[in-house]
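Summary of structural features
Listed below are the residues making up each chain.
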Amino acid sequence: MKIKMLMAAASTAILAATAAQAEKVKVGMITTLSGGGASLGIAIRDGFMLAVKQSGNDNIEVIIEDDQRKPEIAVQLADKMIQSEKVDVLTGIVWSNLAMAVVPATTAQGKFYLSPNAGPSALAGKGCHPNYFNVAWQNDNLHEAAGAYASSAGLKNSFILAPNYPAGQDALAGYKRTYGGEIAGELFTKLGQTDYASELAQIRASGADSVFFFLPGGMGISFLKQYADSGIDLPLVGPAFSFDQDILQAVGDAALGVHNTSQWNKDLDNAANAGFVEAFVAEYGRLPSLYASQGYDTANLLLSAMAKADVADQDAFRDALRAADFASVRGDFTFGSNQHPVQDIYVRQVIKEGDVYTNKLVGAALENHADAYVGDCKM
Amino acid sequence: MTREATFNGFVSLALLLFPLWAWWADEPFMITLATKVAILGLAGVGLNIALGLGGLVSLGHAAFFGIGGYAMGILASHAQSYAPLMEWPFLIEGTKSMPIIWIVALIASAVAALLIGALSLRTSGVYFIMITLAFGQMLYYFAISWSAYGGEDGLSIYVRNGFPGMNTLDPIQFFIIAYVLLMIAILFASRLARSAFGLALNAARQTPVRAETVGIVPYRLQLVAFTLSGAITGLAGALFADLNRFVSPTMLSWQTSGEIMVFLILGGTARLFGPVVGAAVFIILEEILGDFSDYWHIHLGVLLLLIVLFARGGIIGLVAGEEKRHA
Amino acid sequence: MSFLLFVEQLLNGLQFGVMLFLTAAGLTLVFGVMGLINLAHGSLIMVGAFAAATVSAATGSYLLAIAASIVGAAAAGAIIEMLVIRRLYKRDHLDQVLATFALILIFSEGTRYVFGSFPLYLNIPPYLAGPVTLPGGIEYPLYRLTIIVVGLLIAAGLFLLIARTRIGIQIRAGESDREMIAALGVDISRLYTLVFALGAGLAGLAGAMIGAIQSVQVGMGEPILILAFVVIVIGGIGSIKGALIGSILVGVTDTMGGILLPAFFRLFMDNSAAMSTGSALATMSIYILMALVLILKPSGLYGGKA
């Protein structure tokens, strides 16, 4: 395995040296490295830098800055990177609201943006842009997969809840798009809410046969612990965000057995993924998270384009990105016409391996899934 | 000229010359930083009218900063999509003209400050601090759940709004606009402090009982000061949104209120140029400390603590010596 | 909505209120006795939760974790009182706000520096896990019930402490006339440190108790702090009774508002519009409550001087 990986790295390096030896590619990474939510940004950065390191490619220079999860800081960093550092490509943003601030500013200034995480619907539909690529998912994708899974698992009466903000509203809409059963109840919670006693009482009283929830970060930890303690015994379904490697340890037993949807898992059977998981553990001493896998894929997509074209030739470089000619850790990967992934989305289940809580793959929820907004994109 | 006046002259000149140098040296980001200093300084000048002159410790000025920002965001987003704001009872269209946006921002934040002030000024001291903070939070949560204008995602404006006769997309020209507004606001604040109104307000702050016996009604004076203060901070919010071409609920968060207040204390409370110096120092620190440590907030916290405990006049106090404690 | 659900929601509001009380009690005491506004009180909640999570991970004992949260937060409180807060009593509120804001920055980033950015694990002990059936057939989590009981016991204890003990007499004397108690030969700086540590300890306890059902992470205290301010404005500064009544009012309003408002809008709007309008208004309900109290009683329900 190791040897194979080294060879792959070496061949990328040789290709890079021959094809695009002209200009160095300067990458600006704006991500969240301090304050709440830093764990996501750290995972993306670590995944990205691991791929860069493995490639051994000297023609890539990555400048990393912390956006503190504040949109205005992110915009200013983007301006700084474009105007002063003269970067060619921007990447790294974790949150949709920050992406909505930075991506239009970046593409308007003629630079590429590769999203390793956020995929707001506005940027997938009417606001799509030839220089904007999303390497993770459109925001609704994992929720749509959850709806499809719930239907196929025979769940007929779901109670659904999410925070009252755009991504939360999209989440419920996404679930309903693919879910065939009845809705027993629908709730919007406060963003950042940490006590769900009142919601749990309503779930208990609703007569539902299952619960779908989208509560990212600390909200999900709180919800899961309180759900486990409430004595409610309905199956839970959710997107991978609340069952990510980095937060599962804080949730503990409360998450065991829950089904969640993701386009990646560490036991996904392909060579690129096996190599990634092994190298990540060796490098950082912890299991990679979903976000780390997305950062890793983003870097590899960029490296694959660099091997084919010179970044100064924007049209050629764009075509090279669009080809997505890299070994994604999630297996097959292509871009749709709005430059968002068309990919398989899986169902995972939370298990305990020794002392570590993690996920195992159960099956596919959606195959070759494109997003719902691709038709709105006039490109 | 007093030492403080000399120092103020030096600060205004430096803030003008630095971006001009950056323009010459083709360092557009340095101009952006200077613009940020001017705009955040303007927000601080607004707060200083309530805090320095009126003695009203408001921990909710982010509300006005954010309302100004949203005034810009809402008007410009409607202009961007050619959808009128309302058609009934009369037609209101969006706009991309800065002067109109500024007027709307001034009025909207003044009205908000009048309402919040009218309630909050029924109390004083520590109640006032907590109530302004709570009202600010209320607007913050409202903005997050207000999905018509982006909720937590905020609103992106693709092209900066226009000002007749100028190319606002050119960093240096936009800087000049912000700088001129800052100077006008400082001039206004200094006139205000020396006017009959300012003197009466100062009297009401220092010796409320004595002021009342000579017929000054502190409540009304303070309400006027709070409203003016909110309006200027709102104008700064509109400019800040234009600088980023983006507005989001973060502008309304209580950390923003705290930061605007930090500018004042860094520079020197109730000093005319205190907010400008404070904003400049804050941004320089953010750039320098942020570069070599992910944990730069610790250093900022320690520095802030030292200034509060041991250098009460802030930086202007250190340079110009302890002077009269009002502008 | 069924009657049972209604009662269960009232219990939830009460439980939320009791948690708020543990935070607000310390704040209001510190303000009443020392005249200090402490923004860093939220950080002490976080210190308590992190102390509990660390001890729980090392020993596996929940009771030890709770003890650690109280001791850890009280110790942190006593240390910052002696190093920083002490110098602020004679300063104006502006200096207090800024210095304690600085303390928040130091605590939050310092905690992140030591513990990293990932949330820590702290869970309900097995003997408190799961629901119990209350009279009338309501299933209610035992842990939340325990929180209500512990919180009310602590409230009673505080009343006794203040009404019956020597310390309580000094605290009350300090609230009405600060110079006087110094003149009477009370070691005032020791009293101040004690009161501050007491408030910090309560905040730390609150942190540990909610840490077990929520997540232990940096910045967890600030949202609670701001609600505690609302509580104090409603209840009146310096009054433990006001803090208790205010906490329960805020807790119940917040909980019931979140259920009743969307249901109300559903009467004449379609479901998802009602949901988002109702939820938006519900987040504002406690601030509207605060505004109403201010209009009727500017110094709060039980406040003496404004």
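Residues numbered from 1 in each chain as written. Chains lettered and ligands numbered in written order. Predicted model: local features only at pLDDT ≥ 70, side-chain atom pairs only at ≥ 80, totals over all residues. Heavy atoms only, no water.

Let's talk about the overall build of chain C
For clarity, the threshold we go by: Helix numbers and strand numbers start at the N terminus; a helix is a DSSP run of H or I with at least 4 residues, a strand a run of E with at least 2. Exposure is judged per residue with a 1.4 Å probe applied to protein chains only, and the accessible area is read against the type maximum: over 50% gives exposed, under 20% gives buried, and values in between give partly exposed. Should any heavy atoms of two residues lie within 4.5 Å, those residues are counted as being in contact. His residues and chain termini do not enter the charge count, which takes Lys and Arg as positive and Asp and Glu as negative. Working definition for charges: the position is that of NZ of Lys, CZ of Arg, CG of Asp or CD of Glu.
Across its full length, chain C holds 11 helices and 2 strands. Across the 306 residues that make up chain C, the buried fraction comes to 61%. Long-range contacts, defined here as pairs at least 24 residues apart, represent 77% of the contacts in chain C between residues at least 6 apart. Charged side chains of chain C number 15 positive and 13 negative; the gap between the two group centres comes to 9 Å.

Regarding the pattern of salt bridges
Residue and element names in this part refer to chain A. As a reminder of what qualifies: For salt bridges, the criterion is a side-chain nitrogen of Lys or Arg within 4 Å of an Asp or Glu carboxyl oxygen.
By the definition in use, this model includes 25 salt bridges over all chains. As a salt-bridge pair, Asp46 and Arg286 come within 3.1 Å of each other at their nearest N and O atoms. Taken together, the positions of Asp46 in helix H2 (residues 38-55) and Arg286 in the loop between helix H11 (271-284) and helix H12 (290-308) put the pair 240 residues apart, joining distant regions of the chain. Given the relative accessible area of 6%, Asp46 is considered buried. Given the relative accessible area of 21%, Arg286 is considered partly exposed. Put simply, Arg45, Asp46, Asp246 and Arg286 are held in one network by salt bridges that share partners.

What to know about the packing of helix H2 (residues 28-53) of chain B against helix H9 (residues 218-244) of chain B
Residue and element names in this part refer to chain B. Put simply, the test is: Comment: axis = line fitted to C-alpha atoms, over the contacting stretch for helices; angle = value between 0 and 180 degrees taken between N-to-C directions. Orientation categories follow fixed angle ranges, with anything under 35 degrees roughly parallel, anything over 145 roughly antiparallel, 65 to 115 roughly perpendicular, and all other angles oblique. Crossings are sorted by hand: turned counterclockwise from the far helix by less than a right angle, the near helix makes the crossing left-handed, and turned clockwise it makes it right-handed. Residues are grouped as follows: Ala, Val, Leu, Ile, Met, Phe, Trp, Tyr, Cys and Pro are nonpolar; Asp, Glu, Lys and Arg are charged; all remaining types, including Gly, are polar.
Running from N to C, H2 and H9 point in directions that differ by 165°, and their axes come no closer than 6 Å. Comparing the axis directions of H2 and H9 gives the class roughly antiparallel. The chirality of how H2 crosses H9 is left-handed. Judged by residue contacts, Thr32, Thr35, Lys36, Ile39, Leu40, Leu42, Ala43, Gly46, Leu47, Ile49 and Ala50 of H2 engage Ala225, Phe226, Ser229, Ile232, Thr233, Leu235, Ala236, Leu239, Phe240 and Leu243 from H9. Here the contact of H2 with H9 is composed, by residue class, of 15 nonpolar, 5 polar and 1 charged.

Re the sheet that holds strand S3 (residues 89-91) of chain A
Residue and element names in this part refer to chain A. Under the convention used in this document: When DSSP locates at least two bridges between a pair of strands, those strands are taken to pair.
Pairing is parallel across the open sheet formed by 5 strands, whose spatial order is S2-S1-S3-S4-S5. Each of the sheet's edge strands pairs with one partner strand only, and the pair in question is strand S2 (60-66) and strand S5 (132-134). Looking at each pair of strands side by side, their axes are set apart by 20° on average, direction ignored. Bridge count between strand S1 (residues 25-31) and S3: 3 bridges; the pairing is parallel. Within S3, the residue paired with Met29 across the bridge is Thr91. Helix-sheet contacts for H12 involve S1, S2, S3 and strand S4 (112-115), and the interaxial angle to S4 is about 145°. Sheet strands in contact with helix H13 (residues 314-323) are S3, S4 and S5, and its direction is about 15° off that of S4.

Details of the packing of H2 of chain B against helix H10 (residues 254-267) of chain B
Residues and elements named next belong to chain B. The N-to-C vectors of H2 and H10 enclose an angle of 80°; their axes lie 9 Å apart at closest approach. Judged on the interaxial angle alone, H10 and H2 are roughly perpendicular. On H10, the residues that touch Leu40, Ala43, Gly44, Leu47, Asn48 and Leu51 of H2 are Ile260, Met261, Phe263 and Leu264. Of the residues that constitute the contact of H2 with H10, the class distribution is 8 nonpolar, 2 polar and no charged.

Considering the nonpolar core
Rules: Each nonpolar core is a collection of buried residues, namely Ala, Val, Leu, Ile, Met, Phe, Trp, Tyr and Cys, held together in the definition by side-chain atoms within 4.5 Å. Throughout the structure description, domain borders are defined by an automatic or database domain assignment.
Grouped together as the largest cluster of nonpolar side chains are 341 residues, with contacts concentrated most on Phe223 and Phe317 of chain A. Shared between two domains, this core takes at least three residues from each, and those domains are domain 1 (2-137 + 267-335) and domain 2 (141-262 + 345-376) of chain A. Excluding anything up to four places from it in sequence, Phe317 of chain A contacts Val89, Phe112, Leu302, Ala305, Met306, Ala309, Asp310 and Val311 of chain A. One finds Leu11, Leu134, Ile138 and Tyr140 of chain C within the second-largest nonpolar core, a separate group that totals 5 residues.

Some words on the state of the cysteines
All names here are of chain A. The cut-off we apply is this: Two cysteine sulfurs form a disulfide in these notes if their separation is within 2.5 Å.
Scanning all chains against the criterion turns up 1 disulfide over all chains. Shown here is the disulfide that connects Cys128 with Cys377, its sulfur atoms set 2.0 Å apart. Between Cys128 and Cys377, the S-S dihedral sits near 90°, and the bridge is therefore right-handed. Taken together, the positions of Cys128 in the loop between helix H5 (121-124) and S5 and Cys377 in the segment after strand S13 (356-369) put the pair 249 residues apart, joining distant regions of the chain. Per residue, the accessibility class of Cys128 equals that of Cys377, and both read buried.

Remarks on the interface of chain B and chain C
Keep this limit in mind: Using a 1.4 Å probe, buried area is obtained as the accessible area two parts lose upon being combined, added over both of them. Residues adjacent in sequence count toward polar contacts only when both atoms are side-chain atoms; beyond that, a polar contact is any pair of N or O atoms within 3.5 Å, and within protein one must be able to donate a hydrogen and the other to accept it.
Taken together, the contacts link 43 residues of chain B with 46 residues of chain C. Contact between chain B and chain C buries roughly 4100 Å² in total, counting both sides, with carbon and sulfur atoms accounting for 81%. Counting the surface chain B buries against chain C, the share from its top three residues, Tyr127, Trp254 and Tyr295 of chain B, is 17%. Counting the contacts that link chain B with chain C gives 6 residue pairs in polar contact (both at pLDDT 80 or more). The set of elements that each furnish at least two residues to the side of chain B that touches chain C consists of helix H5 (125-145), H10 and helix H12 (296-310) of chain B. Looking at side-chain class alone, the side of chain B that touches chain C contains 28 nonpolar, 10 polar and 5 charged residues.

Concerning the environment of Ala254 of chain A
Residue and element names in this part refer to chain A. Position of Ala254 relative to the elements: it lies in the loop between helix H10 (245-251) and strand S10 (259-262). A relative accessible area of 16% means that Ala254 is categorised as buried. With 29 residues separating them in the primary sequence, Ala254 and Lys225 have C-alpha atoms 5.4 Å apart. Filtering out sequence-adjacent residues up to four positions away, Ala254 remains in contact with Leu224, Lys225 and Ala228.

Regarding the pairing of strand S12 (residues 341-353) of chain A
Residues and elements named next belong to chain A. Among the 13 residues of S12, 10 are classified as buried, and the element is accordingly described as predominantly covered. Here S10 pairs with S12 via 4 bridges, running antiparallel. Paired with Thr261 across the bridge in S12 is Val347. Note: strand S11 (residues 334-335) against S12, 2 bridges, orientation antiparallel. Its bridge partner being in S12, Phe335 is matched across the sheet by Pro341. Sheet topology places S12 next to S13; 10 bridges connect them, and they run antiparallel. Note that in S13 the partner of Val350 across the bridge is Asn359. Here S12 folds back onto S13 in antiparallel fashion, the turn holding 2 residues, of which Gly354 has a positive phi close to 65°.

Re the side chain of Glu4 of chain B
When you line up the elements, Glu4 of chain B lands in helix H1 (residues 3-24). Reaching out from Glu4 of chain B, the side chain makes a polar contact with the side chain of Arg271 of chain B at a distance of 2.8 Å.

Some thoughts on the pairing of S4 of chain A
Residues and elements named next belong to chain A. Selection rule: If you view a crossover with the strands going away from you and the path from the first strand over the helix to the second runs clockwise, you call it right-handed.
What you see with S4 is no split at all: Phe112 and Leu114 on one side and Tyr113 and Ser115 on the other are buried throughout. Relative to S4, S3 runs parallel, the two being bridged by 3 bridges. Note that in S4 the partner of Val89 across the bridge is Phe112. As a crossover connection, the stretch from S3 through helix H4 (residues 96-108) into S4 is right-handed.

Quick notes on unusual backbone geometry
Residue and element names in this part refer to chain A. At Arg69, a residue that is not glycine, the phi angle is positive and equals roughly 60°. Locating Arg69 in the fold gives a position in the loop between S2 and helix H3 (71-83). In this model, Gln339 sits at a positive phi of 65°, which is unusual for a non-glycine residue. Of note, Gln339 is situated in the loop between S11 and S12.

Some remarks on the interface of chain A and chain C
Contacts between the two partners involve 36 residues from chain A and, on the opposite side, 39 residues from chain C. Counting across the chain A and chain C interface gives 4 salt bridges. Inspection of the chain A/chain C interface yields 15 residue pairs in polar contact (both at pLDDT 80 or more). Within the residue set of the side of chain A that touches chain C, elements represented by two or more residues are H2, strand S7 (182-189), helix H8 (197-206), helix H9 (218-230) and H10 of chain A. Sort the elements by how many residues they give to the side of chain A that touches chain C and H9 of chain A lands first, with 7 residues. Here the residues of the side of chain A that touches chain C are counted per class, giving 13 nonpolar, 15 polar and 8 charged.

A closer look at helix H6 (residues 141-152) of chain A
Residues and elements named next belong to chain A. What counts, and what does not: Take the residue count of a helix, subtract one, and multiply by 1.5 Å to get its expected span.
Here H6 is 12 residues long and its end C-alpha atoms lie 17 Å apart, about the 16 Å a rise of 1.5 Å per residue gives. Burial of H6 is extensive: 10 of the 12 residues sit out of reach of the surface. All of the buried residues in H6 are Asn141, Leu142, His143, Glu144, Ala145, Ala146, Gly147, Ala148, Tyr149 and Ala150. Gly154 sits one or two residues past H6 and shows a positive phi near 80°.

Quick word on the confidence of the model for chain B
This is how it is decided: The predictor reports its confidence for every residue as pLDDT, a score running from 0 up to 100.
Per-residue confidence for chain B gives a mean pLDDT of 88; residues scoring 70 or more make up 97%. Of all the helices and strands in chain B, helix H8 (residues 208-213) of chain B carries the lowest mean pLDDT, 78, while helix H4 (residues 98-120) of chain B carries the highest, 95.

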